[in-house]
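# Structural features, examined
If you want the building blocks of each chain, they are given just below.
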2 protein chains.
Amino acid sequence: MDHSLSSSAAGSGDTRERILDEAERLVQTRGYNGFSYAHIAKALGVTKASLHYHFSNKAELGRYLIERYGESFEAALLGIDESGTGACDRLKRYVEIYEHVLEDDRMCLCGMLAAEYVTLPEIMQKSISTFFDLNEAWLTKLLEKGRAAGELQFANDAREAANALIGSLEGAMLVSRAHGGREGFRASARLLVEKICRAR
Amino acid sequence: MDHSLSSSAAGSGDTRERILDEAERLVQTRGYNGFSYAHIAKALGVTKASLHYHFSNKAELGRYLIERYGESFEAALLGIDESGTGACDRLKRYVEIYEHVLEDDRMCLCGMLAAEYVTLPEIMQKSISTFFDLNEAWLTKLLEKGRAAGELQFANDAREAANALIGSLEGAMLVSRAHGGREGFRASARLLVEKICRAR
DNA sequence: GTCTATAGGTGGATAGAC
DNA sequence: GTCTATCCACCTATAGAC
C-alpha cells in the first residue's frame, strides 16, 4: 500500500511527477545527501541527463519536493478541519498522518531535512522552516480551541505545547528507525495523545 | 566553551583523538553522508592519506565514533547515578546532557545517525542500536525508582515512557535546528520534565 | 606517522544529436 | 523529451617515499 502523502503519479505518464515521487521516497529514506540523480534515473529507467530537463539542478528539485510535501500536508490538515469531529479526534488524526508516513518505512521529509539542515542550499532551508511554521500554526489553533472546549489539557502556552508535540512526533519517528520500529513509534504516539486528551 | 560529550584532546598531541573529535563534530552537524576525509584533513592541517593510517576506512572511523560517544554518554549517566540526588533532579540532569550537546550547535550523534540509518554500514547500525538500548535501560530504571518513591508520575509501562522521552528529546533537538532554535528546545524540554516531575 | 601521487569510482551538470 | 558523450569536482582508498 502507498502511504506517501503526495504521490500522485502511480503508474501515470507524467515524468515530472514520477521523478518527484521517487526523489521524495529517496530523501525520506536516505536523506538529501544520501541520494543522487543516478538513483532516480535507475528507478525510473531513464538517464541522468533526462532528469536535468525537468529539474535543472538538485537544489531546485529539493525545493519542489519540500513545497509539494508541504502542500499535501496542508491538504491533509484541511481534511481534518472539515471533518467536524472533536478536538481529541482531530489530534489523533494529526498523529495518524505521521504514522502513515512511517508505515511506508519513511521518515517525515522535513524531519529528515532538518537533520541535514546546515548542509542544504538556502532556498531549501527556508522552505523547511515554512513547513514547521505551518504545523505550529495549525496545531496551536487546535490545542487552543480544544482546551477552550474542555476536551484537551496541557500546560500554559499552546504554541509551546504544539512545538513540543511536533518535536516529539518527529523524534519518535527518527528513533524508531534505529530502535523500536513502528511499534515503538505507536507506543510513544499513544502516550503523547493520552496526556493531552481528557476523554477516556 | 566546549560542550561536546567526549572531546578529550583539546590541544593535546594525540592525532587519533583529534581526528575523532573533529569527525564527531562534523557528523553531529553535517551527518555521516555530509562529511568527508577532506573536511577532517583540512581542519587538522594534515593530508587525507594520514587519516587512513589511523582509521583505515570511513566505516571503521564511524564505528569508533559511536562507541566513544556511547562511552562518554554512559560516563555522564554514571555521574548522575553517583550524585545522590532525587529522581526529579536526576531527570533534569539527563535532559541537560542533551541541552549541552545542542549548545555546541550539534545534534545528538546517534540521533543524526538514526536519520541516515539505512545508508550506514551494518557495523555502525548495530552500535547505534546499542546506544539507544543503553539510554532506554538507564532511563527506565530511573523512572521506575522515581515512581516507587512518589517523585515521578507517568502512565503505565516505564520502558514505554522512557522511549517516548528519548524520542521527544531527540526530536526537540532535531526540529530546533530548522525551527525554534535552542530556546525552542529548552521550552519543549521544560514541558516534558514538568509532566513527569511531581515536585513543583 | 605523514607525505606525494594516483587509482578507480561517483557526484552534479552540460552540449548537442535525435 | 530523451538520448549519448563528456566534463570536472570530489569521493574513498592505496602504494610507496621519507
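For clarity, every value in this text was computed on a predicted model and none was experimentally measured.

A:L61, B:L61 and B:Y94 are the most contacted members of the largest nonpolar core, which has 133 residues in total. Those residues in contact with B:L61 that sit more than four places away from it in its chain are B:I19, B:L20, B:A23, B:F35, B:Y37, B:I40 and B:F55.

This next bit is on the protein's contact with DNA strand D. If you check the shell around DNA strand D, you find 18 residues, and the closest are A:T47, A:S50, A:H54, B:K48 and B:K58. In DNA strand D, the atoms that sit within 4 Å of the protein are 64% sugar and phosphate, with bases accounting for the remainder. Side-chain polar atom of B:H52 to a base nitrogen of DNA strand D: 3.4 Å apart, as the coordinates give it. If one sorts the elements of the surface near DNA strand D by residue count, helix α3 (residues 48-54) of chain A sits on top with 4 residues.

Here we take up the confidence of the model for chain A. In low-pLDDT regions, the fine details of the predicted coordinates are not to be read closely. Taken residue by residue, chain A gives an average pLDDT of 94. The fraction at 70 or more is 93%. When mean pLDDT is compared element by element in chain A, helix α6 (residues 109-115) of chain A scores highest at 99, while helix α5 (residues 87-103) of chain A scores lowest at 97.

This part covers helix α2 (residues 37-44) of chain A. Residues and elements named next belong to chain A. Every buried residue of α2 is listed here: Y37, I40, A41 and L44. Projected onto a plane normal to the axis of α2, the buried residues spread over an arc of 100° and lie on a single side. Elements in contact with the buried residues of α2: α1 (15-30), α3 and α4 (58-81). G45 sits one or two residues past α2 and shows a positive phi near 70°.

With that out of the way, let us pick up the pattern of salt bridges. In the structure shown here, the tally under the stated rule is 28 salt bridges over all chains. Between B:D104 and B:R106 there is a salt bridge whose closest N-O contact spans 3.2 Å. As far as burial versus exposure is concerned, B:D104 and B:R106 are alike and both buried. Here B:R186 and B:E183 are joined by a salt bridge, their closest N and O atoms 3.2 Å apart. Of this pair, B:R186 and B:E183 both sit in helix α9 (residues 181-196), separated by 3 residues, roughly a single helical turn. Residue classification places B:R186 among the partly exposed residues on the basis of a relative accessible area of 29%. Counted as one network, the salt bridges with shared partners bring together A:E17, A:D21, A:E24, A:R68, A:D104 and A:R106.

Thresholds, definitions, all that
- Residues numbered from 1 in each chain as written.
- Chains lettered and ligands numbered in written order.
- Predicted model: local features only at pLDDT ≥ 70, side-chain atom pairs only at ≥ 80, totals over all residues.
- Heavy atoms only, no water.
- Core = buried A, V, L, I, M, F, W, Y, C linked by side-chain atoms within 4.5 Å.
- Buried < 20%, exposed > 50% of the residue type's maximum accessible area, 1.4 Å probe, protein only.
- Contact = heavy atoms within 4.5 Å.
- Near = heavy atom within 4 Å.
- Polar contact = N/O pair within 3.5 Å; in protein donor to acceptor, adjacent residues only side chain to side chain.
- Helix = DSSP H or I, 4+ residues; strand = E, 2+ residues; numbered from the N terminus.
- pLDDT = per-residue confidence, 0-100.
- Arc of directions from axis to C-beta.
- Salt bridge = Lys/Arg side-chain N within 4 Å of Asp/Glu carboxyl O.

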